[in-house]
Amino acid sequence: MFTVPWYRVAPSDRGLTATSRGHNQQVHFRDLRVAAALVLTACATALSHADENAIREAIIARIEQKRSFQIPEDSEFVIDTFYGEQPIAAQEIEKLQRLAPADSGAAVDLADALARRAHGGRGYRVRLFHASENAWRLGRESVTGPDQHWTDYAMGRQGAWTLTKRQLQHAGRVASLPDGVPFDPDLERRTLTVVLAGLATGIPWPAKLPVEFGTISLNGDTFRAEIKAENSTFLIKGVYVGGPGSAAIRIDRVEIAAPPESVGAHQEYRDWQPVTGAAFDLARASVSRRADGLVESSLSVKEAGPLARDISLLTARPEQGREDPLRGATMIDSVIEHTPAAQIHRDGVTGDVVARQAHGSSIAPPRFMPIVFLILTLGAVGGCVLRMTRSTR
């Protein structure tokens, strides 16, 4: 507290002339103005420190929120993703055009390359129906490819399974499978958890990294905070709205300020809205841009809210010819059953065993490996994160 001096005319001053009394009053008013200025400066400084601490604590709370984030039970999400690419070389297109008439694989690659060139990249729609970590279904389908291919992943009472247009893979208990078996549908759900955690917090870097705070500034209600994580420096920009914990700020943009080769790359967060039935807001749109400004990836949340479908029907293992609640009548050419001892390959129509491969022998991976979605989706979480990771090696 500052004590403001208050000057009064002393009894001995009562005999002063008018001129001397006027002079004393001028001195007194000048001292009052100085004292008032000191008080206002002290208050502004104290307020600035309080705001700075609130912003710092809000960022720390968001990092902790990302670290512990879990997809809410009984929820649904629909997210469109897009991954920008460098233009496809004309020579590559010409080569595929020469091979396509006699090579069905080249024909598929040509159609995919032409679609990617037309759209400037690849686009996917991801749907998640999530009752719990043991009862969920995730579908991923191409929205830019020539054949609109899709892959579904699920976990339910009958175990885990994946489904494409022609193939079903399943396992009673994934945890019982030996290490190295290329079957882990839950990898898709865990990856989407990372995506949603980024959209819920505005924190693009891995939450496990220790951070150091640099300068924090506030201009009106717009804040800017410098964060150092590993060998990278981030600039967080957003709006200071006040309130407790992480709710005190809204993050709009995170830029890379170091290392030099990544300066200018950034992640944008837009249209923050609450999620019905959840205790967090979600950025409904996010764009990752390279240092040159080109879009590297983007996310658009189309739906986010309570689960409105019967999860037991959604997670029932598909069967030949049976109507699936998402895909309609299923026509399965092949079935791969993953057991603790081996992979069992069956004819999708007759159910006859056509091959049995013990774990450890040569096994051709499925066309749509979960790791493909992992790599692509992490690009959407923030290309800046991948650049940061490379810079720390």
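Here we summarise the structure given alongside this text. Since the model is a prediction, treat every value here as computed from it, not as a measurement.

**Some points on the overall build of the protein chain**
- Along the backbone of the protein chain there are 7 helices and 18 strands.
- Taken over 393 residues, the protein chain has a buried fraction of 42%.
- Contacts in the protein chain between residues at least 24 apart in sequence constitute 53% of all its contacts with a sequence separation of at least 6.
- Accessible surface for the protein chain amounts to roughly 20500 Å². Of this, 54% is attributable to carbon and sulfur atoms.

**Quick notes on the pattern of salt bridges**
- Inspection of every chain in the model, using the stated rule, returns 19 salt bridges.
- The partner of Arg327 in a salt bridge is Glu141, with the nearest N and O atoms 3.0 Å apart. Here Glu141 lies in strand β3 (residues 135-142) and Arg327 lies in the loop between β14 (323-324) and β15 (328-329), a separation of 186 residues in the sequence.
- The partner of Glu255 in a salt bridge is Arg253, with the nearest N and O atoms 2.6 Å apart.
- Within this structure, Arg137, Glu141, Asp152, Asp324 and Arg327 form a network of salt bridges that share partners.

**Notes on the pairing of strand β2 (residues 121-132)**
- Of all 12 residues making up β2, 9 are buried, and the element is well covered by its neighbours.
- Where strand β1 (residues 75-84) meets β2, 10 bridges bridge the pair, whose relative direction is antiparallel. If you follow Tyr83 over to β2, its bridge partner there is Arg122.
- Following β2, the chain reverses through 2 residues before pairing antiparallel with β3.

**A look at the packing of aromatic side chains**
- The full count for this structure, using the stated rule, is 4 aromatic pairs.
- Measuring from centroid to centroid gives 5.2 Å for Phe69 and Phe280, while their planes differ by 65°, and the two rings are edge-to-face. Of this pair, Phe69 sits in the loop between α1 (18-67) and β1 while Phe280 sits in the loop between β11 (266-274) and β12 (281-289), and the two are 211 residues apart along the sequence.
- Given a relative accessible area of 7%, Phe69 falls into the buried group.

**Describing the side chain of Thr315**
- The residue Thr315 is located in the loop between α5 (311-314) and β14 in this model.
- Contacts of Thr315, omitting those with residues within four sequence positions, involve Trp136, Arg137, Met155, Gly156, Gln158 and Trp161.

The rules behind each value
- Residues numbered from 1 in each chain as written.
- Predicted model: local features only at pLDDT ≥ 70, side-chain atom pairs only at ≥ 80, totals over all residues.
- Heavy atoms only, no water.
- Helix = DSSP H or I, 4+ residues; strand = E, 2+ residues; numbered from the N terminus.
- Buried < 20%, exposed > 50% of the residue type's maximum accessible area, 1.4 Å probe, protein only.
- Contact = heavy atoms within 4.5 Å.
- Areas by Shrake-Rupley, 256 points an atom, 1.4 Å probe, with all protein chains shown as cover.
- Salt bridge = Lys/Arg side-chain N within 4 Å of Asp/Glu carboxyl O.
- Pairing = 2+ DSSP bridges.
- Phe/Tyr/Trp six-rings, centres within 6.5 Å; stacked < 30°, edge-to-face > 60°.

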